[in-house]
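# Structural characterization, general
These are the residues of each chain, in order.
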Amino acid sequence: MAEENILLIEKNNGIGTITLNRPDKLNAFSDELTFKLKDALKEMERDSTVKAVIITGSGRGFCAGADLASRSITMESAQKPSLGTHLRHRLNPIAVKIRQMEKPIIAAVNGVAAGAGMSLALVCDFRIAAEEASFIQAFTKIGLVPDTGSTFLLSRLIAPTKSFELMMLGDKLSSKEAFELGLLNKVVPAADLMKESEALAERLIGGATLAYALTKRAYNRAVFHDIEELLEYEASLQEIAGRSDDFMEGVKAFNEKRQPAYKGR
Amino acid sequence: MADVKNNIIVDIEGPIGLITLNRPKVLNALNHELMAEVVSALEEFDLNEEVRVSIITGNEKAFAAGADIKEMSSESTVSIMLKNNFATWDKIRLIKKPIIAAVSGFALGGGCELAMTCDIIIASETAQFGQPEINLGVIPGAGGTQRLTRLVGKHKAMEMILTGSMISANEAKAYGLVNKVVPVELYLEEAKKMAAEIAKKSPLAVRLAKESIMKTYDSHIVDGLEFERKNFYMLFSSQDQKEGMQAFLEKRQPAFSGR
């Protein structure tokens, strides 16, 4: 059965707010949600009344990453899933759109941001997080490679020593820890999250928006000029990981709530 | 004063002849009448002594997104051959003055071929180049297989023409298809800047330089070298050669007369 209202859009005084709304799934990316998010971003880009965008989640989670039950990942069929194709058609275009859109985009991280959900937060221009939020590079835990930009977003946003550790070990970061590493702009009490995010958006709207747009373009050129090539590379590596027995085992163990027994193939 | 034709706008700005493709509703799809207008504008610029360089441009969204498919969808082999519409395109090769393509947005199919027919391509960072004819069950017909291959090499040309995929402005620059990539707000200005730079030179030298470069396409290098040498000698009968070398020796800017 099709879920309803899995993505909410609101436009108010120049602020476009996009809310991922699958709270019972911690807003994990189903195929439908990725398509709706891409469309919503395009709409925000086209709508000249929207000057700044906030992305947030409803409920306890910001976004738990790819939904392992989504049609393009699920292993119910005998065939192994093509995770490379999944990324190329669903998640990577979202990352590219967020970088390319010449309006400031704020991630208001209300709760757990795991896997591609953490990538979503990292690819935005600003990150404000609730004290309760957390950040997890969950990929390797189920036998996958960090994707949707995480490999280069993390390694370009913070020091390589720590970024590699996070990608390899997948340890959970609290908001406070993420802030101390330089991953976040601000940590605020949950009750103030939207108010603080809107205040930042309002400040940006009140400024020289053309200069902001051009600054984002220059920043992209300086820091993310090769984003499409790197996303494509991640997708290729994820294709390999997605065909592995370890990934099968990782998902199985996750579903059965037990420790996985990996074999390295 | 801009001369608004059915499909293009023709304007002269100082030494620059500017042709703006003007079918924005169809992303500047190239029909036969449009190409005839482009060629006749280029021919007029060639005879107009004030014009030194031509620029062909479209708009931000599209240089030209291809040929007018509606116009040709019902053609047969015989009907399309008898019309010989590409004869119009062939005349661009005979234009003596340099032509700069100022490309933003889509340059696809005939649009990519038109850009490649020009001598220099300035692209906005949003430009996209491609030869998607294969998706319609045909192949490029206005020089795409020949010019793209010479510009980007056999293997990239094969990839682009056989898969119909597009490349970005930056990729096009890496492959040598475009000269320069600039922000979208500035591509036409950048093209005009380069045109103005060329316009300062002796028009005789520019003309023979272009002819000599074009010679590489249809001659053996030995013939090409001889052609170049003769053009080089010939320029020594011009006032511009005297002026150019004199000014150099006197450490001043030359004033070329085109004689």
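Preceding this paragraph is the structure being described.
To keep things clear, this report deals only with the structure shown in the data block. (Residues numbered from 1 in each chain as written. Chains lettered and ligands numbered in written order. Predicted model: local features only at pLDDT ≥ 70, side-chain atom pairs only at ≥ 80, totals over all residues. Heavy atoms only, no water.)

### Brief notes about the overall build of chain A
Convention followed: What counts as a helix is a DSSP run of H or I of at least four residues, what counts as a strand is a run of E of at least two, and both are numbered from the N terminus. All radius of gyration figures rest on C-alpha atoms, and the globule criterion is 2.2 Å times the number of residues raised to 0.38. Throughout this description, buried means an accessible area under 20% of the type-specific maximum (1.4 Å probe, protein chains only), exposed means over 50%, and partly exposed covers the range between. Residue contacts are defined here by distance: any two heavy atoms, one from each residue, within 4.5 Å place the two residues in contact. For the accessible areas, the method is Shrake-Rupley and the probe is 1.4 Å, while residue cover comes only from the protein chains on display. Note on charges: Lys and Arg go in the positive column, Asp and Glu in the negative column, and His and the chain ends are not counted at all. Lys charges are placed at NZ, Arg charges at CZ, Asp charges at CG and Glu charges at CD.
When its secondary structure is counted, chain A shows ten helices and ten strands. What you see for chain A is a C-alpha radius of gyration of 18 Å, in line with the 18 Å of a compact globule of 265 residues. Structurally, chain A occupies a C-alpha span of about 55 × 45 × 35 Å along its principal axes. Within chain A, the proportion of its 265 residues that are buried is 51%. The long-range share in chain A, meaning contacts at least 24 apart out of those at least 6 apart in sequence, stands at 73%. When the accessible surface of chain A is summed, it comes to about 12700 Å², and 54% of that surface belongs to carbon and sulfur atoms. Charge-centre separation for chain A: the mean point of 34 positive side chains lies 2 Å from the mean point of 35 negative side chains.

### Focus: the overall build of chain B
Looking only at helices and strands, chain B has twelve helices and eleven strands in total. For chain B, whose C-alpha radius of gyration is 19 Å, the value lies close to the compact-globule estimate of 18 Å for 259 residues. Along the three orthogonal principal directions, the C-alpha set of chain B runs to about 60 × 45 × 35 Å. Counting every position in chain B, which comprises 259 residues, the buried fraction comes to 42%. Expressed as a percentage of contacts within chain B between residues at least 6 apart in sequence, the contacts between residues at least 24 apart total 67%.

### Looking at the packing of aromatic side chains
Each aromatic ring pair is characterised by the separation of its centres together with the angle its planes make. Put simply, the test is: Stacked, tilted and edge-to-face are the three classes applied to pairs of Phe, Tyr and Trp rings, where Trp contributes its six-membered ring and a pair requires centres within 6.5 Å; stacked means planes under 30 degrees apart, edge-to-face means over 60, and tilted covers the rest. As a reminder, the over-ring test applies to NZ of lysine and CZ of arginine, requiring each to be within 6 Å of the ring centre and within 35 degrees of the ring normal.
With the rule as written, the count across this model stands at four aromatic pairs over all chains. An angle of 65° between the planes, with centres 6.2 Å apart, marks the rings of A:F152 and A:F224 as edge-to-face. Linking A:F152 in helix 4 (residues 150–157) with A:F224 in helix 8 (residues 209–224), this pair joins segments that are 72 residues apart in sequence. The exposure classification of A:F152 matches that of A:F224, with both residues buried. Each member of the aromatic cluster is reached from another via a ring pair, and the members are A:F152, A:Y219 and A:F224. Its end group placed over the ring of B:F227, B:K215 keeps NZ or CZ at 4.8 Å from the ring centre.

### Here we look at unusual backbone geometry
All names here are of chain A. Phi angles above zero are rare outside glycine, and N13 is one such case at about 50°. Within the secondary structure, N13 is located in the loop between strand 1 (7–12) and strand 2 (15–20). Classification of N13 by relative accessible area gives exposed; the value is 71%. In this model, K257 sits at a positive phi of 55°, which is unusual for a non-glycine residue. Mapped onto the secondary structure, K257 falls in the segment after helix 10 (245–255). A relative accessible area of 75% means that K257 is categorised as exposed.

### Considerations on the pairing of strand 8 (residues 120–124) of chain B
All names here are of chain B. The cut-off we apply is this: A pair of strands is treated as paired once DSSP finds two or more bridges between them.
Most of strand 8 sits inside the fold, with five of its five residues counted as buried. The alternating pattern of strand 8 places I120, I122 and S124 on one face and I121 and A123 on the opposite face, and all of these are buried. In terms of strand pairing, strand 8 meets strand 11 (residues 180–182) through three bridges, oriented parallel. Residue pairing in the sheet places S124 in a bridge with V182 of strand 11.

### Quick look at the side chain of A:N220
Residue and element names in this part refer to chain A. Locating N220 in the fold gives a position in helix 8. Classification of N220 by relative accessible area gives buried; the value is 13%. Not counting residues up to four positions away in its chain, the partners in contact with N220 are R99, Q100 and H225.

### Comments concerning the nonpolar core
Across soluble globular proteins, nonpolar side chains have a tendency to be buried as a group. As a reminder of what qualifies: Each nonpolar core is a collection of buried residues, namely Ala, Val, Leu, Ile, Met, Phe, Trp, Tyr and Cys, held together in the definition by side-chain atoms within 4.5 Å.
Of all hydrophobic cores here, the largest spans 50 residues; its most connected members are A:I55 and A:F135. Sequence-distant contacts of A:I55, that is, excluding residues within four places in its chain, are made with A:I18, A:L41, A:F62, A:I98, A:I105, A:I106, A:A107, A:A108, A:L120 and A:C124. Judged by nonpolar contacts, the second largest core, of 44 residues, contains B:V38, B:V51, B:I92 and B:A107.

### Some thoughts on the sheet that holds strand 10 (residues 186–188) of chain A
Residue and element names in this part refer to chain A. Put simply, the rule is: Throughout, an axis means a line fitted to C-alpha atoms (over the contacting stretch in the case of helices), and angles, computed between N-to-C directions, take values from 0 to 180 degrees.
Read across the open sheet, the six strands follow the order 1-2-3-5-7-10; overall the sheet is mixed. Among the strands making up the open sheet, the edge pair consists of strand 1 and strand 10. Each neighbouring strand pair of the sheet contributes to a mean axis angle of 20°, computed without reference to strand direction. Bridging between strand 7 (residues 126–130) and strand 10 involves three bridges; their strand directions are parallel. Along strand 10, the bridge assignment pairs I128 with K186.

### Notes on the packing of helix 5 (residues 110–117) of chain B against helix 6 (residues 144–152) of chain B
Residue and element names in this part refer to chain B. Quick note on the threshold: Under this scheme an angle from 65 to 115 degrees is roughly perpendicular, one under 35 degrees roughly parallel, and one over 145 degrees roughly antiparallel; angles in between are oblique. Crossing chirality is assigned from the near helix's rotation relative to the far helix, an anticlockwise turn below a right angle marking it left-handed and a clockwise turn marking it right-handed. Residues are grouped as follows: Ala, Val, Leu, Ile, Met, Phe, Trp, Tyr, Cys and Pro are nonpolar; Asp, Glu, Lys and Arg are charged; every other residue, Gly included, is polar.
Running from N to C, helix 5 and helix 6 cross one another at 60°; their axes reach a closest spacing of 10 Å. Considering the angle they form, helix 5 stands oblique to helix 6. Relative to helix 6, the crossing made by helix 5 is left-handed. Seen from helix 5, the contacting residues are E113, M116 and T117; seen from helix 6, they are G144, R147, L148 and L151. When its residues are assigned to classes, the contact of helix 5 with helix 6 shows three nonpolar, two polar and two charged.

### As for the sheet that holds strand 2 (residues 8–13) of chain B
All names here are of chain B. If you trace the seven strands from one edge of the open sheet to the other, you get 1-2-3-4-6-8-11, paired in mixed fashion. Unpaired on one side and paired on the other, strand 1 (3–4) and strand 11 mark the two borders of the sheet. The pairing of strand 6 (residues 99–103) with strand 8 spans four bridges and is parallel. Residue pairing across strands places A101 opposite I121, the latter belonging to strand 8.

### Notes on the environment of B:T149
All names here are of chain B. Mapping T149 onto the fold places it in helix 6. For T149, a relative accessible area of 29% corresponds to the partly exposed category. T149 sits twelve residues away from I161 along the chain, and the two C-alpha atoms are 9.6 Å apart.

### Digging into empty space enclosed by the protein
Where we set the bar: Each cavity reported here is a set of points on a 1 Å grid over the protein atoms alone in which a 1.4 Å probe fits but cannot get out, each pocket an open set with protein on both sides within 12 Å along at least five of seven lines, and each lining residue one with an atom within 4 Å of a point. Grid points are joined across faces, edges and corners, and a volume is the space filled by probe spheres set on the points.
Across all of its chains, the model carries two cavities of 30 Å³ or more by this definition. For the largest cavity, the calculated volume is near 50 Å³. Lining of the largest cavity is provided by B:I92, B:R93, B:I95, B:T117, B:D119, B:R147, B:K210 and B:M214. Of the residues belonging to the lining of the largest cavity, the class tally is three nonpolar, one polar and four charged. Looking at the second largest cavity, the residues that line it are A:F29, A:L91, A:I94, A:A95, A:A116, A:L120, A:V123 and A:T148. Elements that contribute at least two residues to the lining of the second largest cavity include exactly helix 2 (83–100) and helix 3 (116–123) of chain A. Grouping the constituent residues of the lining of the second largest cavity by class yields seven nonpolar, one polar and no charged.

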